[in-house]
Amino acid sequence: LEAVKNGYTFEDVGEALRADRDVALAAFASWPQALKYASEGLLGNKDFMLAVLKHQGTALRYASEALKADREVVLEAVNTSGSALRMASEELRGDREVVLRAVSNSGAALQSANNELQGDTEIVLKAIWNEGSALAFASPEFKLDKDFVLLAARQCEDEEEAENCYLQADENLKQAIPWEDFVQASRSA
């Protein structure tokens, strides 16, 4: 622990210290990427990774494959950072509760959900409500739906994001909703 506190980088300490929970947590606290040097044993230790994921969900990238497929671990990761969904196992990217939590945290997490859940109305609504630009990752039928497109517009933070949302809409819908009306909807948020 003192080695890491005294300026040694985590990658320079010996194997024994890289396998020490307290040293690894101290290194993580000062430099999150230090986890890539932690021992495989720690990266496969559920309790250790849960402690890390409470602070930074995207640290799931360093977890063992088994933990990326562990529902409890992935739920903790997406609670902290919805974007951690992209690092979860394929099976968990198709788990409705996991995806709902992820898109509640970050609408863009919809991109990492499986195709079926990208077409789930509740999940798409949560994603768009959180981040209008998430419409880009929804199934095509949502890009045909005027209500979903206008909801996406209302969630846009600025005109540039509104333009990105508008570009995701179906061409026929763009003719039904002129750009000026779309921008007006985004300003009325």
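Here goes a summary of the coordinates provided.

Calculation criteria
- Residues numbered from 1 in each chain as written.
- Predicted model: local features only at pLDDT ≥ 70, side-chain atom pairs only at ≥ 80, totals over all residues.
- Heavy atoms only, no water.
- Helix = DSSP H or I, 4+ residues; strand = E, 2+ residues; numbered from the N terminus.
- Contact = heavy atoms within 4.5 Å.
- Patch = residues over 30% accessible without salt bridge, like charges linked within 9 Å, V, L, I, M, F, W, Y side chains within 5 Å.
- Areas by Shrake-Rupley, 256 points an atom, 1.4 Å probe, with all protein chains shown as cover.
- Salt bridge = Lys/Arg side-chain N within 4 Å of Asp/Glu carboxyl O.
- Lys, Arg positive; Asp, Glu negative; His and termini not counted.
- Charge placed at Lys NZ, Arg CZ, Asp CG, Glu CD.
- Buried < 20%, exposed > 50% of the residue type's maximum accessible area, 1.4 Å probe, protein only.
- Polar contact = N/O pair within 3.5 Å; in protein donor to acceptor, adjacent residues only side chain to side chain.
- Core = buried A, V, L, I, M, F, W, Y, C linked by side-chain atoms within 4.5 Å.

### Structural notes on the environment of E122
No. 1: Note that E122 resides in helix 9 (residues 121–130).
No. 2: Along the chain, E122 and L100 lie 22 residues apart, while their C-alpha atoms are 8.3 Å from each other.
No. 3: Those residues within four positions of E122 in sequence are excluded, and the remaining contacts are R96 and L100.

### Some details on a negative patch on the surface
No. 1: On the surface, a cluster of negative charge is contributed by E157, D158, E160 and E163.
No. 2: Following the sequence through the fold, E160 ends up in helix 12 (residues 159–168).

### Some points on helix 5 (residues 46–53)
One full turn of an α-helix is made of 3.6 residues, so residues set three or four places apart face in the same direction.
No. 1: In terms of burial, helix 5 is a largely internal element, six of the eight residues being buried.
No. 2: If you check which residues of helix 5 are buried, you get F48, M49, L50, A51, V52 and L53.
No. 3: Where helix 5 is buried, its residues touch helix 3 (21–30), helix 4 (40–43), helix 6 (65–68) and helix 7 (71–80).
No. 4: For helix 5, the N-terminal capping position is held by N45, with its side-chain oxygen 3.1 Å away from the main-chain nitrogen of D47.

### What to know about the pattern of salt bridges
No. 1: Under the counting rule described, the total for this entry stands at 10 salt bridges.
No. 2: Between D70 and K46 there is a salt bridge whose closest N-O contact spans 3.3 Å. You can see D70 sitting in the loop between helix 6 and helix 7 and its partner K46 sitting in helix 5, a full 24 residues away along the chain.
No. 3: Taking the shortest distance from any N to any O, the salt bridge between K54 and E76 comes out at 3.5 Å. Here E76 lies in helix 7 and K54 lies in the loop between helix 5 and helix 6, a separation of 22 residues in the sequence.
No. 4: Connected through salt bridges with shared partners, the residues R71, D95, E97 and R101 form a single ionic network.

### Points about the side chain of S81
No. 1: Mapping S81 onto the fold places it in the loop between helix 7 and helix 8 (96–105).
No. 2: Note on S81: relative accessible area 15%, which makes it buried.

### Structural notes on the nonpolar core
No. 1: In this structure, F10, L35, L60, L85 and L110 are the most contacted members of the largest nonpolar core, which totals 57 residues.
No. 2: For this core, the elements supplying multiple residues, two or more each, are helix 3, helix 4, helix 5, helix 7, helix 8, helix 9, helix 11 (146–155) and helix 12.
No. 3: If near-sequence neighbours (up to four positions away) are discounted, L85 is found in contact with V78, L92, R93, V98, V99, A102, A109, S112 and A113.

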